[in-house]
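Residue-level listing of the chains:
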Amino acid sequence: MATLKAEAMVQGAYQASDYLVVAPVVVCLLFGATLLMARKRVDWHPWVAIPGFVLLFAADVLLLLKVAAEGPQTMMMGSWIAPFGIAFTVDMLGALFVTTAGFVALAASIYATFSMSRTERRYGFFPFLFLMIGGVSGAFLTGDVFNLYVWFEVLLIASFGLLILGSEHEQLDGATKYCFLNLVATTLFLITTGYLYGLFGTLNMADIAEKAGGFENDGALLTIAVLFLVAFSAKAAAFPLNFWLPASYHTPRFVVSALFAGLLTKVGVYALIRLVLMLFPSQHAELATLIAWVAALTMLVGAFGALAQSDLRRLLNYFVVAGIGTIFAGLALIGTDGASGAGSLAGAASAATTEAAPNLAAEAAAPLLPGSGNMVVGLSGAVYYALHSIVVMTALYLAAGTAARLSGSSSLRSMGGLWRRQPALAALMLIFLFAVSGLPPFSGFWPKVVLVRGAFQAGLPVLGAVILLTGFLMTVASARVFALAFWRNAPEPVPTGGESGGFMAAGPPAPLIAMLPLIMLALFVVWAGVLPQTLAEPHRACRARRRRSHRLCRLCLRRRIMILFLINIVLALVWTVVSGSFTFLNLVFGFLLGAASLYLIRREIGTAGYVSRFFRIGALFLLFIRELLMSAWRVAVLVLKPKMDLKPGIFAYRLKVDRDFEISLLANLITLTPGTLSVDVSEDRSTLYVHAIDCSDPEASRADIANGFERKILEAFR
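Conventions we followed
Residues numbered from 1 in each chain as written. Predicted model: local features only at pLDDT ≥ 70, side-chain atom pairs only at ≥ 80, totals over all residues. Heavy atoms only, no water. Buried < 20%, exposed > 50% of the residue type's maximum accessible area, 1.4 Å probe, protein only. Helix = DSSP H or I, 4+ residues; strand = E, 2+ residues; numbered from the N terminus. Pairing = 2+ DSSP bridges. Core = buried A, V, L, I, M, F, W, Y, C linked by side-chain atoms within 4.5 Å. Contact = heavy atoms within 4.5 Å. Axes fitted to C-alpha atoms, helices over the stretch in contact; angles between N-to-C directions. Parallel < 35°, antiparallel > 145°, perpendicular 65-115°, else oblique. Left-handed = near helix turned anticlockwise from the far one by under 90°. Nonpolar A, V, L, I, M, F, W, Y, C, P; charged D, E, K, R; others polar. Expected span 1.5 Å × (residues − 1). 1 Å grid on protein atoms, 1.4 Å probe; cavity = no way out; pocket = protein on both sides within 12 Å on 5 of 7 lines; lining within 4 Å. Points joined across faces, edges and corners; volume = space filled by probe spheres on them. Salt bridge = Lys/Arg side-chain N within 4 Å of Asp/Glu carboxyl O. Patch = residues over 30% accessible without salt bridge, like charges linked within 9 Å, V, L, I, M, F, W, Y side chains within 5 Å. Areas by Shrake-Rupley, 256 points an atom, 1.4 Å probe, with all protein chains shown as cover. Phe/Tyr/Trp six-rings, centres within 6.5 Å; stacked < 30°, edge-to-face > 60°. Lys NZ or Arg CZ within 6 Å of the ring centre and 35° of its normal.

A.B. asks: Tell me what's going on with the pairing of strand β3 (residues 649-654), and back it up with residues and numbers.
C.D. replies: The alternating pattern of β3 places Gly649, Phe651 and Tyr653 on a buried face, while none of Ile650, Ala652 and Arg654, on the opposite face, is buried. Where β3 and strand β5 (residues 687-692) come together, six bridges link them in antiparallel fashion. Within β5, the residue paired with Ile650 across the bridge is His691.

A.B. asks: I'd like a description of the nonpolar core, backed by residues and values.
C.D. replies: Residues Phe319, Phe328 and Phe432 are the most contacted members of the largest nonpolar core, which totals 187 residues. Counting residues per element, this core draws most heavily on helix α16 (residues 374-407), at 19 residues. The contact partners of Phe328, leaving out residues within four places of it in the chain, are Leu229, Ser233, Ala236, Ala238, Val269, Leu272, Ile291, Val294 and Ala295. Counting 22 residues, the second-largest nonpolar core is a separate cluster that includes Leu620, Leu688, Val690 and Cys695.

A.B. asks: Let's hear about the packing of helix α12 (residues 254-277) against helix α14 (residues 312-331): which residues, and what values?
C.D. replies: The geometry of α12 relative to α14 is characterised by a closest axis approach of 11 Å and an angle of 15 degrees between their N-to-C directions. It follows that α12 is roughly parallel to α14 by the angle criterion. The hand of the α12/α14 crossing is right-handed. Only Arg313, Val320, Ile324, Ile327, Phe328 and Leu331 of α14 make contact with α12, whose side of the interface consists of Phe254, Ser257, Ala261, Thr265, Lys266, Val269, Leu272, Ile273 and Leu277. Its residues assigned to classes, the contact of α12 with α14 shows 11 nonpolar, two polar and two charged.

A.B. asks: So what's going on with helix α6 (residues 125-141)? Residues and values would help.
C.D. replies: Taking 1.5 Å of rise per residue, the 17 residues of α6 would be expected to cover 24 Å, and the 24 Å separating its terminal C-alpha atoms lies within 8% of that figure. With 15 of its 17 residues buried, α6 lies for the most part within the structure.

A.B. asks: Quick one: what's the story with the layout of surface pockets, residue by residue and with numbers?
C.D. replies: In this structure, the second largest pocket occupies an estimated 620 Å³ of space. What lines the second largest pocket is a set of 27 residues, and nearest its centre among them are Ser631, Arg634, Thr676, Ser701 and Asp704. Every element with two or more residues in the lining of the second largest pocket is listed here: α26 (608-640), β5 and α28 (698-717). Top contributing element to the lining of the second largest pocket by residue count: α26, with nine residues. Residue classes in the lining of the second largest pocket are distributed as 14 nonpolar, seven polar and six charged.

A.B. asks: Provide a residue-level description of the pattern of salt bridges, including the pertinent values.
C.D. replies: Any two side chains of opposite charge can pair if their charged atoms end up close together. The full count for this structure, using the stated rule, is six salt bridges. A salt bridge links Lys211 to Asp207; the nearest nitrogen and oxygen atoms lie 3.6 Å apart. With Lys211 and Asp207 both in helix α9 (residues 205-211), this residue pair falls four residues apart, about one helical turn. The class of Lys211 is partly exposed, set by a relative accessible area of 36%.

A.B. asks: Describe a nonpolar patch on the surface, naming the residues involved and giving the relevant values.
C.D. replies: Residues Phe621, Leu622, Ile625 and Leu629 make up a contiguous nonpolar surface patch of roughly 420 Å² in combined accessible area. Inspection of the secondary structure puts Leu629 in helix α26.

A.B. asks: Now, about the packing of aromatic side chains: what can you tell me, with residues and values included?
C.D. replies: Two measures describe an aromatic ring pair: the distance that separates the ring centres and the angle between the ring planes. On inspection of all chains with the given rule, the structure shows 29 aromatic pairs. Between Phe103 and Phe524, the ring centres sit 6.3 Å apart and the planes meet at 45 degrees, which makes this aromatic pair tilted. With Phe103 in helix α4 (residues 92-115) and Phe524 in helix α21 (residues 511-530), the pair connects residues that are 421 residues apart, well separated along the chain. As far as the burial class goes, Phe103 and Phe524 line up, both buried. Members of the aromatic cluster, joined through ring pairs, are Phe146, Tyr149, Phe152, Phe189, Phe228 and Phe232. Looking at Arg313, its charged tip hangs above the ring of Phe254, at a distance of 4.1 Å from the centre.

Spelled out as structure tokens, the structure:
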């Protein structure tokens, strides 16, 4: 017996870093329990909750870095090895989802600090929030099907409590619809889990994936896959089981709606990927056509539903539905490379999440893994869009909450004039609306490009066309929101009744605390659109590229400079928010302050090249002004001479710059300088032909260009 027990137990002690696998769940439960015990000290709750979510996000990031460096991590509860013990298993797919969840939870907790009333804190807002995020994190980290069901129950219990905070009639009505369908879906999930255990004798995902290969063409597996598809489609709000979401998500407080829209539906998507795509890939291939129809109809329902709404919250509810349809479109693409084993699909799912973004320097929307088929392309686009949707939908609801507080209503008929009253909020809202519509250069653009290209390659042109049509309709709906709520003048105040959104008498939050979480989320949205590749260990990546190609290394440097420039712009926007002045001069001053801040921490974050580049660009500009004035003077002197002794001509200049941008800049600077004109560039881009008003000394003219404009261009952009 002792021998058998030893064989079934994990040998050796866990390292301290191994506990990162369970740290997100432990942090949430500990802080939730602490706040519950301090329920009478409601003034303490925000100041305990925010450090708790900072700690949670830090644990998520450390876990992500550990998985990226060492590969998938597993921790067995009670030290029992699989399949006897319950496994917490995390790969890049789960690590990315749990880190994104921690990020939006931190932003929402900051927003809730000043948006939730004392009464709602007293009834347990922050404990419920920690419990829900703990359930979400557990669902993303578990490697056991029944444990996944348990974490679903945990997050649902907490979400029920958050949904009815305020005890208004509209909230109770929405909670009834929400609870009924989710309880039905959860019951179906539990029944299917029992069926699965009866068939395999285990609920460990890795063990099921290994045994599933022996059940080829088994109708029982197809039945299980269909039941899981129905259960998780209901939880994700896919057609035709999406009626509950528009009827319930507009009823709770804005911060609660933001977390529901961003996270809860994505848990259903994640479970669908884990159980149907990764455990039963053959059955998934048989269901691909059905999933494609569900995806198309879900997108159309969401897009047309958004166009029909006159209330901002209800409109955003349909944006959530349309986003779920877009994710399902990626799951409808099946492989064409013959990879049908669960192990290969699991590996593809994990690898796809690490390289899910298209390479901006290479071909946009190319297959994301070398030699991969349509399935990996679709999965990559679906996962990337899901991560984008978590952040963007959270941000949209929070921005809508701030806008509705300023207007006193969430009805588009009553809103207006917010561009003048709060220009920073309007700019952030515009970014989020562009992103949710899939417009460049924001985070929603690249996954849609991948999904459209994958749909056409997979022989599903109708699905690709629906993705494009949905993007167009959502752009129209977004333009309508911005035009009515922000751009037009504020309408005359009228008494409003039903759809005010349940605003609290405490009034709107302070401008800075209202803007801070939105700026955090906007930074992700812009970063993920401008540079969607993972930025982990940039210096190591740069060194590896340098060994392969100096050109690629320069490309890495330019991308890094682009990211720092983006951060500088965000710092400038933060300054305008803090100072309360959104003028051009104040924005420029904020940009200079941001550049100075980056310079002060240049060694810690490697920004020395970024700040010095600004000085080099400034030196180039000053040189151009100097040459402009001196050349104008020389030409004026030549023209005013009674007898002009000129020898005009064309000379060839051998170029040291080799990039199109640099060549164009040099040619334009020469043309803008009086007395010289760039005529042409050779086909091999090695020679520039310049016409000079006085070509008596071509060598001196060449030396002026080499030691002047060309040298400064090389210093500024290399």
